[in-house]
Amino acid sequence: MSLVLSGVVDATVVTTCRAAADSDRRVDYNFCVAELGKHHDSPDADVWGLAKVAALTGVVDADNAVYDIKGMIARGAGPRSALARCQQLYGAAGFAFAEAHDDINGRNYAAGKAKAAQAASLARQCDGAFVAVPPLIAQHSLYAAKIAVVCTAITNLVK
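Predicted model only: the values in this text are computed from it and were never measured. (Residues numbered from 1 in each chain as written. Predicted model: local features only at pLDDT ≥ 70, side-chain atom pairs only at ≥ 80, totals over all residues. Heavy atoms only, no water.)

Considerations on the packing of helix H3 (residues 47-75) against helix H6 (residues 135-157)
No. 1: Running from N to C, H3 and H6 point in directions that differ by 165°, and their axes come no closer than 9 Å. Our classification of the angle between H3 and H6 gives roughly antiparallel. Between H3 and H6 lies a crossing whose hand is left-handed.
No. 2: The residue makeup of the contact of H3 with H6, split by class, is 16 nonpolar, five polar and two charged. (Axes fitted to C-alpha atoms, helices over the stretch in contact; angles between N-to-C directions. Helix = DSSP H or I, 4+ residues; strand = E, 2+ residues; numbered from the N terminus. Parallel < 35°, antiparallel > 145°, perpendicular 65-115°, else oblique. Left-handed = near helix turned anticlockwise from the far one by under 90°. Nonpolar A, V, L, I, M, F, W, Y, C, P; charged D, E, K, R; others polar.)

Okay, structure coming up:
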């Protein structure tokens, strides 16, 4: 076991994230270790399993984005039409990440990577609905982009 960031992280997460970062310069190694390391399936996962975990963390964050956006709408914290559009887009992004998981699970890696990229694209479209993107939404957009890259890079490592 290796001690990384604030907790104990399985060596497979560390080595897989290192290999992903080495193979794709867009991978944020620390983000990869932090996010995959806290998922309950990670300690027992191999590379294939970690690719699926990455997709699942994308689902969770997209769901969190929908929840946050609902709260913003209720508080009147931004243009209602843009927030409503983002709520739809993040719902679709969560579904795309779920499909990425299912495709990777079914060993249809090209389709899984395409779905992860689609999810990140949907999050970016949300940003485009605003003149100035609210910080909370920008955080979710950045997360979707980073986890999609991690998912793709790890999927590329599956043999």
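That covers the picture; the talk isn't over yet.
Some words on the nonpolar core
No. 1: Counting residues in each nonpolar core, the largest one holds 53 residues, and the members touching the most others are Val 27, Leu 36, Tyr 90, Phe 97, Val 150 and Ile 154.
No. 2: By residue number, the principal contributor to this core is H3, which donates 13 residues.
No. 3: With near-sequence residues (within four places) excluded, Val 150 lies in contact with Val 27, Phe 31, Cys 32, Leu 36 and Ala 54. (Core = buried A, V, L, I, M, F, W, Y, C linked by side-chain atoms within 4.5 Å. Buried < 20%, exposed > 50% of the residue type's maximum accessible area, 1.4 Å probe, protein only. Contact = heavy atoms within 4.5 Å.)

Observations concerning the pattern of salt bridges
No. 1: For the structure on display, the rule yields five salt bridges.
No. 2: One salt bridge connects Arg 18 with Asp 22, and the closest N-O pair in it is separated by 3.4 Å. On the criterion of helical spacing, the pair formed by Arg 18 and Asp 22 is a turn pair, its members being four residues apart in helix H1 (residues 11-23).
No. 3: Owing to a relative accessible area of 37%, Arg 18 belongs among the partly exposed residues under this scheme. (Salt bridge = Lys/Arg side-chain N within 4 Å of Asp/Glu carboxyl O.)

Thoughts on the state of the cysteines
No. 1: Inspection of every chain in the model, using the stated rule, returns two disulfides.
No. 2: Two residues, Cys 17 and Cys 32, share a disulfide whose sulfurs are 2.0 Å apart. Judged by the sign of its S-S torsion, about -75°, the cystine formed by Cys 17 and Cys 32 is left-handed. Separated by 15 residues along the polypeptide, Cys 17 in helix H1 and Cys 32 in helix H2 (residues 29-37) bring together distant segments of the chain. (Disulfide = S-S within 2.5 Å.)

Focus on the environment of Asp 28
No. 1: The topology assignment puts Asp 28 in the loop between H1 and H2.
No. 2: Taking C-alpha positions, Asp 28 is 12 Å from Cys 151, a pair spaced 123 residues apart along the chain.
No. 3: A distance of 3.0 Å separates a polar atom in the side chain of Asp 28 from a polar atom in the side chain of Lys 146. (Polar contact = N/O pair within 3.5 Å; in protein donor to acceptor, adjacent residues only side chain to side chain.)

A short note on the packing of helix H5 (residues 109-127) against H6
No. 1: Put simply, H5 and H6 touch, their axes get as near as 9 Å, and they point 165° apart. The angle between H5 and H6 falls in the class roughly antiparallel. As H5 packs across H6, the resulting crossing turns out to be left-handed. Packed against H5, whose contacting residues are Tyr 109, Lys 113, Ala 116, Ala 120, Ala 123, Arg 124, Cys 126 and Asp 127, the element H6 presents Ile 137, Ser 141, Ala 144, Ala 145, Ala 148, Cys 151, Thr 152, Thr 155 and Asn 156 at the interface.
No. 2: Tallied by class, residues from the contact of H5 with H6 come to 10 nonpolar, four polar and three charged.

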